[in-house]
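Secondary and tertiary structure notes
Here's the letter readout for the chains.
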Amino acid sequence: MSRSAHPAGPRHADVLPEGHYIAPATDLNVLDEKVWSRTVTRDQDGALTVGGIEVARLAEEFGTPAYFLDESDFRARCRAWADAFGPDADVFYAGKAFLSRAVVRWLTEEGLNLDVCSGGELTTALDAGMPADRIAFHGNNKTVAEIERAVEAGVGRIVLDSFQEIVRVSHTAQRLGKRQRVQIRVTVGVEAHTHEFIATAHEDQKFGIALADGQAAEAVRRALTLDGLELIGIHSHIGSQIFDMAGFEVSARRVVQLLAAVRDEHGVELPEIDLGGGLGIAYTSEDDPREPHEIAKALSDIVTRECESAGLATPRISVEPGRAIVGPTAFTLYEVGTIKPLEGLRTYVSVDGGMSDNIRTALYDAEYSVALVSRSSDAEPMLVRVVGKHCESGDIVVKDAFLPADLAPGDLIAVPATGAYCRSMASNYNHALRPPVVAVRDGRARVIVRRETEEDLLRLDVG
Ligand SMILES: *Cc1c(COP(=O)(O)O)cnc(C)c1O
């Protein structure tokens, strides 16, 4: 098929339909290194390579759609976080962003700790050899069976999320003859997203115990009286994809105020404070995330200052980045199937995956970028919407972006920054087969999570 067989959609900024657009890059062949993992580059023919391997070869060997994870980038990010926070703080990778046995081994080797929030994540972590005392167990409704497994395994901490759980964990620990280290998760009335935060958010959410109305102080009171618990600190997590540190400032101040109140009432200085995760990454060229060392410095300055003014010794800080570690390390590779230009509107580009491998656009209106990666092109930019193959008109992968107007079926396109919350939230909608995750490093590619097969689907269907 000729590359210009279809009429192109609108191309220039002055004829675009309503919406939010990032101006097309002056040269669509240039990759913005902010949104691509560290070893991604274009070779002399214009094809994208990762870890030294060309995407066409990866597509041939592993098929599409598929996630390609840049292992050296993942490890470098782990080290950057660990180095930035140093030996007096703890970095917990939030496993819900993406977890597999290989990932657990990398984390273990790079010295990170791990957050899990279900029995399944706990099993994966233990199976791959993460020492239990480096695991934190989260969740607003852990089952009694999950609590038992966590306590039995000896996890480093359980983050208590409710009054019922304070009692459940204590009873379980006592029954097993143990004393479980715990933190209490509080909601500080701060809500933070990307560029803005609200310091007076109401606490109308399922997670945590409210600081307001003395609820959190009451939770501490109860936890301190129970023999099965060793209360080591207070936990708060304020949002996701955050760039502005001001939300952390307010939440740290409120948590430190609770620590001071606990000291005044009980004569106990709790030794730890966990500020949660939620640090933002670049999905598009418009996002400017901070480096881990800037974040570490900002958080430690805030906590130190607040503790000084409350007359407390500075507690040990922990943080829980998920997206900020794994998000930028992977891209999803798709093959273009059909192309539908709508004159005066946009061109719909359908790929061989969709909302089953990336639900974030449909769920959160997330923004992504996209590039033609199997070749370079000098064609002018065309406004596109990249959509999937599912039976749902909201099945959008990239809402508004520009691709070269000579895009054709069979071309490979890639969506960067899909390492977090894409494979981990993938579904079998329309009996789609969930894509593999392929780790690429130093010219070698290996499957770490294999592609589902139709046999996998039928195996669960036992009717
Ligand atoms: C989701 C979550 C994280 C990780 O969030 P990211 O946005 O991936 O950094 C950390 N801590 C808790 C308690 C969470 O629920």
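Fair warning: this is a prediction, and the values are worked out from it, not measured in the lab.

The step from Thr 64 to Pro 65 runs through a cis peptide bond, and the omega angle for that step is -10 degrees. Mapped onto the secondary structure, Pro 65 falls in the loop between helix H1 (55-62) and strand S4 (66-70). Not every positive phi belongs to a glycine, and Asp 365 is a case in point at roughly 60 degrees. For Asp 365, the position within the fold is in the loop between helix H11 (360-364) and strand S19 (371-372). For Asp 365, a relative accessible area of 54% translates into the label exposed.

In the vicinity of the ligand, 15 residues are found, and the nearest of them are Lys 96, Gly 278, Glu 320, Arg 323 and Tyr 421. Within the side chain of Glu 320, one N or O atom sits 2.7 Å away from a nitrogen atom of the ligand. Take Tyr 421: an N or O atom from its side chain is 2.6 Å from an oxygen atom of the ligand. Considered class by class, the residues forming the shell around the ligand number four nonpolar, six polar and five charged.

For the rest of this paragraph, the subject is the environment of Arg 450. Here Arg 450 lies in the loop between strand S24 (444-449) and helix H12 (454-460). On the basis of relative accessibility, which here comes to 48%, the residue Arg 450 falls in the partly exposed class. Taking the C-alpha atoms as reference points, Arg 450 and Pro 435, separated by 15 residues in sequence, lie 7.3 Å from one another. Sequence-distant contacts of Arg 450, defined by excluding residues within four places in its chain, comprise Arg 434, Pro 435, Pro 436 and Asp 456.

With that settled, consider the nonpolar core. By size, the foremost hydrophobic cluster in this structure holds 111 residues, and its most contacted members are Phe 74, Tyr 93, Ile 184 and Ile 413. Here this core gets nine residues from one element, more than from any other, and that element is helix H8 (residues 246-266). Mapping this core onto the domain boundaries places at least three of its residues in each of domain 1 (41-70 + 328-460) and domain 2 (138-321). If you look at the next biggest cluster of nonpolar residues, it comprises 22 residues, including Leu 48, Val 373, Leu 412 and Val 438.

Let's shift gears to the domain arrangement of the protein chain. Each domain of the protein chain was delimited in the assignment, giving domain 1 (41-70 + 328-460) and domain 2 (138-321). Each of domain 1 and domain 2 has a C-alpha centre, and the two are 36 Å apart. Contacts between the two partners involve six residues from domain 1, matched on the other side by five residues from domain 2. Carbon and sulfur atoms make up 57% of the area that domain 1 and domain 2 hide from each other, which totals about 510 Å². Considering only the surface of domain 1 that becomes buried against domain 2, Pro 328, Glu 367 and Ala 417 emerge as the three largest contributors, covering 59% of it. For the pair domain 1 and domain 2, the number of links is zero salt bridges. For the pair domain 1 and domain 2, the interface holds two residue pairs in polar contact (both at pLDDT 80 or more). Looking at the side of domain 1 that touches domain 2 residue by residue, the class counts come to three nonpolar, one polar and two charged.

This part takes up the sheet that holds strand S1 (residues 41-42). Here three strands make up an open sheet; going across it, the order is S1-S2-S3 and the pairing antiparallel. Each of the sheet's edge strands pairs with one partner strand only, and the pair in question is S1 and strand S3 (53-54). Where S1 and strand S2 (residues 48-50) come together, two bridges link them in antiparallel fashion. For Arg 42, the partnering residue across the bridge sits in S2 and is Leu 48.

Next up on the list: the packing of aromatic side chains. Enumeration according to the criterion identifies seven aromatic pairs in this entry. Taken together, a centroid distance of 6.2 Å and an interplanar angle of 65 degrees make the contact between Phe 62 and Phe 68 edge-to-face. Phe 68 shares its class with Phe 62; the two are buried. Ring pairs connect the aromatic residues Trp 36, Phe 62, Phe 68 and Phe 331, which therefore count as one cluster.

Thresholds applied
- Residues numbered from 1 in each chain as written.
- Predicted model: local features only at pLDDT ≥ 70, side-chain atom pairs only at ≥ 80, totals over all residues.
- Heavy atoms only, no water.
- Helix = DSSP H or I, 4+ residues; strand = E, 2+ residues; numbered from the N terminus.
- Buried < 20%, exposed > 50% of the residue type's maximum accessible area, 1.4 Å probe, protein only.
- Near = heavy atom within 4 Å.
- Polar contact = N/O pair within 3.5 Å; in protein donor to acceptor, adjacent residues only side chain to side chain.
- Nonpolar A, V, L, I, M, F, W, Y, C, P; charged D, E, K, R; others polar.
- Contact = heavy atoms within 4.5 Å.
- Core = buried A, V, L, I, M, F, W, Y, C linked by side-chain atoms within 4.5 Å.
- Domains from an automatic or database assignment.
- Buried area = accessible area lost by both parts, 1.4 Å probe.
- Salt bridge = Lys/Arg side-chain N within 4 Å of Asp/Glu carboxyl O.
- Pairing = 2+ DSSP bridges.
- Phe/Tyr/Trp six-rings, centres within 6.5 Å; stacked < 30°, edge-to-face > 60°.

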